[in-house]
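# Residue-level structure breakdown
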Amino acid sequence: MTKRGIITGLAAVAALCAVATFTSHSARAEDDKAGWKDITLVYHSDVKGKIDPCG
Amino acid sequence: MARRATFFDNLWAENRAVLTVDGGDLFGQRTRDDEHQTEFLCEATADFGYDGIGLGEFDLNYGEEFLHRMMEQYHLPFTSANVRDTTGALVVPEFLVVERGGIRFGLVSVLDPAQRIMTLTGEEGRYVVADPVQTLREVIPRIRQQAQTIVLLGHLGDTTTETVIREVKGIDIAVIGHTFRNLTAERVIDDTILLGSGYEGRFIGRADLFVRGTDGKVMAVQVKTTDFDDKIPDNPEMAEKIAAYKKDLQEFKEAKRSAYPRAFGSEKEEFLADRSCMGCHREAWDAYASSAHYQAFGTLRKQGQTDEPECLSCHTTGYQYKNGYADEAPFNRLINVQCEACHGYGTEHDRGGAWKAQAKDSCVACHDQKNSPNFDYATYWEKIKH
């Protein structure tokens, strides 16, 4: 194997690892997201007995 | 209120998991009319299904019995960790745990000790409000044992809420109460998301939360506040309920007033108000201005009785006379027991310089056995001598 061939091979392995890592991170993020809960908080304060606000 | 009902209808149609909270001061001003209206508000609010309501000082305006009755009758979940009675017992539950969308939320509220609790039932001396920071530092670890996400309903105002969440760790979300402000976007202080939406029901806030299921941590939030302006249509059913209630309230007010009709005097005469007398009768005016008569309406304000005919008849001028005191201009200038309360219409005096010869006879109209059992003309005259 030529030096160039070795470098190319290493690059290919590195690239494959990167893809695998990326895929693995993405999968984990998706897994995490799947565990996220979507909840709506509705809030206000100081109604002060008003049925309709003044004005 | 009818627009708020529309808001909830639309929200529920989305089929989302919804947690609904109020930052406190749900109840009205310290008057009987407002108490009447507050009861209706509580009944209608029950339809919105609140999960937690922070206790504000207004919420004790009608006393503890009223508060507890509203909580029970309309399922209103008030909570407060730092308001106790003098026996040390909490007035409402210390905190609440609500499961929503697979997450257990801990809802806790604290009241600013600087806010004065005054009640129509004379119970104000009955309450002790503990330091919010110390209270939360003690209670939050206990809530954490039962809940994943902690929501503070801080009835503390804007600045104090910020101070408190900087000093207390473990609050995921803080909703500001005792505020005039409507925050159109969230603020993040340390690890706490700060939200706020007041005032008098003009706005409502909605925060779509993305919560990590494993530990309840809020990973992202999207806030939108709604202004209940004309763009939001009324919910017809709620609008009808409100219209019926307003009629009921008017009847309630009229029934109270009918016991004190404007039966005396003449439509042709007018009360000119105390400042008119001052020009010619400065000495007499000074005596009046330093007397309890000049403070008569202020005592009603303190007691939340400014719409009580029974009280107004003696704490204002001409309440039962034509053109006498009324809660609208120009008659609302006739607060206190002014010169004309004893001496009669200023217009009569203005025409011929005469006034009621026997002004002293008018004292007993109010200084009667019930209101003034120790009344003695000679002694009391010294207090207003002019």
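This is a predicted model, so every value here is computed, not measured. (Residues numbered from 1 in each chain as written. Chains lettered and ligands numbered in written order. Predicted model: local features only at pLDDT ≥ 70, side-chain atom pairs only at ≥ 80, totals over all residues. Heavy atoms only, no water.)

Residue and element names in this part refer to chain B. Evaluated as defined, the whole model comprises 31 salt bridges over all chains. In this structure, the salt-bridge partner of D190 is K169, at a minimum N-O distance of 3.5 Å. Here the residue D190 occupies a position in the loop between strand 10 (187-189) and strand 11 (192-196), and K169 occupies one in the loop between helix 5 (157-167) and strand 9 (173-177), the gap between them amounting to 21 residues. Judged by relative accessible area, D190 falls into the partly exposed class, the value being 43%. Judged by its relative accessible area of 58%, K169 is exposed. In this structure, E308 and K256 form a salt bridge, with 3.1 Å as the shortest nitrogen-oxygen distance. With E308 in the loop between helix 9 (296-303) and helix 10 (309-315) and K256 in helix 6 (residues 236-258), this residue pair connects regions lying 52 residues apart in the sequence. E308 sits in the buried class, given a relative accessible area of 13%. (Salt bridge = Lys/Arg side-chain N within 4 Å of Asp/Glu carboxyl O. Helix = DSSP H or I, 4+ residues; strand = E, 2+ residues; numbered from the N terminus. Buried < 20%, exposed > 50% of the residue type's maximum accessible area, 1.4 Å probe, protein only.)

Our next topic: the packing of aromatic side chains. Scanning all chains against the criterion turns up 22 aromatic pairs over all chains. For the ring pair F8 of chain B and F48 of chain B, a centre distance of 4.7 Å and an interplane angle of 15 degrees mean the geometry is stacked. Linking F8 of chain B in helix 1 (residues 2-13) with F48 of chain B in the loop between helix 2 (32-46) and strand 2 (52-54), this pair joins segments that are 40 residues apart in sequence. Connected via pairs of aromatic rings, a cluster forms that spans F7, F8, W12, F48, Y50 and F228 of chain B. The positively charged end of K48 of chain A is found above the aromatic ring belonging to F58 of chain B, 3.9 Å away from the centroid. The ring of Y380 of chain B carries the charged tip of K383 of chain B above its face, separated from the ring centre by 4.2 Å. (Phe/Tyr/Trp six-rings, centres within 6.5 Å; stacked < 30°, edge-to-face > 60°. Lys NZ or Arg CZ within 6 Å of the ring centre and 35° of its normal.)

Residues and elements named next belong to chain B. Within the largest apolar cluster, 44 residues are counted, with the highest numbers of intra-cluster contacts made by F27, L67, F78 and V83. Mapped onto this core, the elements with two or more residues apiece are helix 1, helix 2, helix 3 (63-73), strand 7 (127-129) and helix 6. Counting residues per element, this core draws most heavily on helix 1, which supplies five residues. I103, L153, V211 and V218 belong to the second-largest nonpolar core, a separate cluster that totals 23 residues. (Core = buried A, V, L, I, M, F, W, Y, C linked by side-chain atoms within 4.5 Å.)

For the rest of this paragraph, the subject is unusual backbone geometry. Cis geometry marks the peptide bond from G198 of chain B to Y199 of chain B, where omega comes out at 25 degrees. Locating Y199 of chain B in the fold gives a position in the loop between strand 11 and strand 12 (203-212). Of note, the bond from A329 of chain B into P330 of chain B is cis; its omega dihedral lies within 30 degrees of zero at 0 degrees. Positive phi outside glycine occurs at D46 of chain A, with the angle close to 55 degrees. Inspection of the secondary structure assignment puts D46 of chain A in the segment after strand 1 (36-44). Look at D46 of chain A and you get buried, because its relative accessible area is 1%. Phi at N15 of chain B is positive, roughly 60 degrees, even though this residue is not glycine.

Summarising the model, chain B shows a mean pLDDT of 92, and 99% of its residues fall at 70 or more. Across the assembled chains, the prediction reports ipTM 0.78 with pTM 0.76. (pLDDT = per-residue confidence, 0-100.)

This paragraph deals with the interface of chain B and chain A. Listed as interface residues are 60 residues of chain B and, on the opposing side, 20 residues of chain A. In total, about 3,500 Å² of surface goes out of reach between chain B and chain A, with carbon and sulfur atoms giving 56% of it. On the chain B side of the contact with chain A, Q37, E200 and L209 of chain B bury the most area, a combined 15% of that side's loss. Between chain B and chain A we count three salt bridges in total. Note that D52 of chain A is salt-bridged to K246 of chain B, the shortest N-O span being 2.6 Å. Across the contact surface, chain B and chain A share 28 residue pairs in polar contact (both at pLDDT 80 or more). Counting residues per element, the side of chain B that touches chain A draws most heavily on strand 12 of chain B, which supplies 10 residues. In terms of residue class, the side of chain B that touches chain A is built from 31 nonpolar, 18 polar and 11 charged. (Contact = heavy atoms within 4.5 Å. Buried area = accessible area lost by both parts, 1.4 Å probe. Polar contact = N/O pair within 3.5 Å; in protein donor to acceptor, adjacent residues only side chain to side chain. Nonpolar A, V, L, I, M, F, W, Y, C, P; charged D, E, K, R; others polar.)

Our next topic: helix 2 of chain B. Because an α-helix packs 3.6 residues into every turn, residues spaced three or four apart end up facing the same way. Residue and element names in this part refer to chain B. Between its terminal C-alpha atoms helix 2 stretches 21 Å, which fits the 21 Å expected from 15 residues at 1.5 Å a residue. When helix 2 is considered as a whole, its buried residues turn out to be D33, E35, Q37, T38, F40, L41, C42, A44 and T45. The elements touched by buried residues of helix 2 are helix 3 and helix 6. (Expected span 1.5 Å × (residues − 1).)

Right, let's talk about the sheet that holds strand 9 of chain B for a bit. Residue and element names in this part refer to chain B. What the six strands build is an open sheet, ordered 5-6-8-9-11-10; its pairing is mixed. In the strand order of this sheet, the two ends are held by strand 5 (95-100) and strand 10, each with one partner. The average undirected angle you get between the axes of adjacent strands in this sheet is 25 degrees. Along the sheet face, helix 4 (residues 132-144) touches strand 5, strand 6 (103-111) and strand 8 (149-155) and points at about 165 degrees away from the line of strand 6. Where helix 5 meets the sheet, it contacts strand 8, strand 9, strand 10 and strand 11, and its direction lies at approximately 155 degrees from that of strand 9. (Pairing = 2+ DSSP bridges. Axes fitted to C-alpha atoms, helices over the stretch in contact; angles between N-to-C directions.)

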